[in-house]
Amino acid sequence: MYLALIPDEQTTKALRAFAPALPPNAHCTIIHSKAQLPAGLPLPAWPNKSTENVETYPEGVAVFGGKFKVSVLKLRVTFELDFLRRFTELLLRENFIPWSAEWAFSPHVTLGGADAQLVGEPPALLRFDRMEWRP
């Protein structure tokens with residue numbers, strides 16, 4: 001299971017213009033766990049209740065993965081992303097759910113396979129306006 005931060009419509013369009021093979025479920029993973037998703041697990045609070053979105057900036061393209069490699073757009077760790085990560089860790093801890101700790105928190109959006117075609121420059125600003133637990 002994982003907590004997916006989902007880009008708003010404008011950001012999704014800009015990402016798709018930059019990476020035409022952008023997966024249809026494009027997101028930024030805040031936290032991942034190998035545990036089953038328990039029923040009724042609440043979402044973390046938004047860092048800024050007045051806007052209920054998170055903004056961040058690209059920090060370059062990279063290739064992530066072991067056996068299966070993917071192209072990703074790395075994201076700057078802003079106060080809001082750090083807040084969501086820490087709040088979610090607390091939420092999982094309170095519910096006795098372990099999370100994957102093999103890698104440090106490295107927010108990114110998967111753009112496609114390792115050889116994904118990229119067009120021009122990435123969006124200058126990325127905005128995420130929804131989040132959901134995914135199995």
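Residues numbered from 1 in each chain as written. Predicted model: local features only at pLDDT ≥ 70, side-chain atom pairs only at ≥ 80, totals over all residues. Heavy atoms only, no water.

Undergrad: Just checking my understanding: could you explain the packing of aromatic side chains for this structure?
TA: Each aromatic ring pair is summarised here by two numbers: the centre-to-centre distance and the angle between the ring planes. Evaluation of the coordinates by the stated rule reveals 2 aromatic pairs. Each ring, one from F79 and one from F83, has its centre 6.1 Å from the other, and the planes form 40 degrees; the classification is tilted. With F79 and F83 both in helix α2 (residues 79-94) and 4 residues apart, the pair spans about one turn of that helix. An aromatic cluster of at least three residues, connected via ring pairs, comprises F79, F83 and F87. (Phe/Tyr/Trp six-rings, centres within 6.5 Å; stacked < 30°, edge-to-face > 60°. Helix = DSSP H or I, 4+ residues; strand = E, 2+ residues; numbered from the N terminus.)

Undergrad: Is there a simple way to explain the nonpolar core in this structure?
TA: Inside soluble globular proteins, nonpolar side chains tend to come together where they are buried. L5 and W133 are the most contacted members of the largest nonpolar core, which has 27 residues in total. If you list the elements that add at least two residues to this core, you get β1 (2-7), α1 (9-18), β2 (28-32), β5 (70-75), α2, β6 (108-113) and β7 (126-134). Other than its neighbours up to four places away in sequence, L5 contacts H27, C28, I30, W46, V54, L81, L84, F128, R130 and M131. (Core = buried A, V, L, I, M, F, W, Y, C linked by side-chain atoms within 4.5 Å. Buried < 20%, exposed > 50% of the residue type's maximum accessible area, 1.4 Å probe, protein only. Contact = heavy atoms within 4.5 Å.)

Undergrad: Got a minute to help me understand the pattern of salt bridges in this structure?
TA: Should their charged atoms come close, side chains of opposite charge can pair. Under the definition given, this model contains 9 salt bridges. A salt bridge links K34 to E102; its shortest N-O distance comes to 3.9 Å. Of the two residues, K34 sits in the loop between β2 and β3 (54-56) while E102 sits in the loop between α2 and β6, which places them 68 residues apart along the sequence. Using a relative accessible area of 48% as the deciding quantity, one classes E102 as partly exposed. Residue D82 is joined to R86 by a salt bridge in which the shortest nitrogen-to-oxygen separation is 2.9 Å. One end of the pair, D82, and the other, R86, are both in helix α2, 4 residues apart, so they sit about a helical turn from each other. Judged by its relative accessible area of 27%, D82 is partly exposed. (Salt bridge = Lys/Arg side-chain N within 4 Å of Asp/Glu carboxyl O.)

As far as function goes, none of this settles anything; it's purely spatial.
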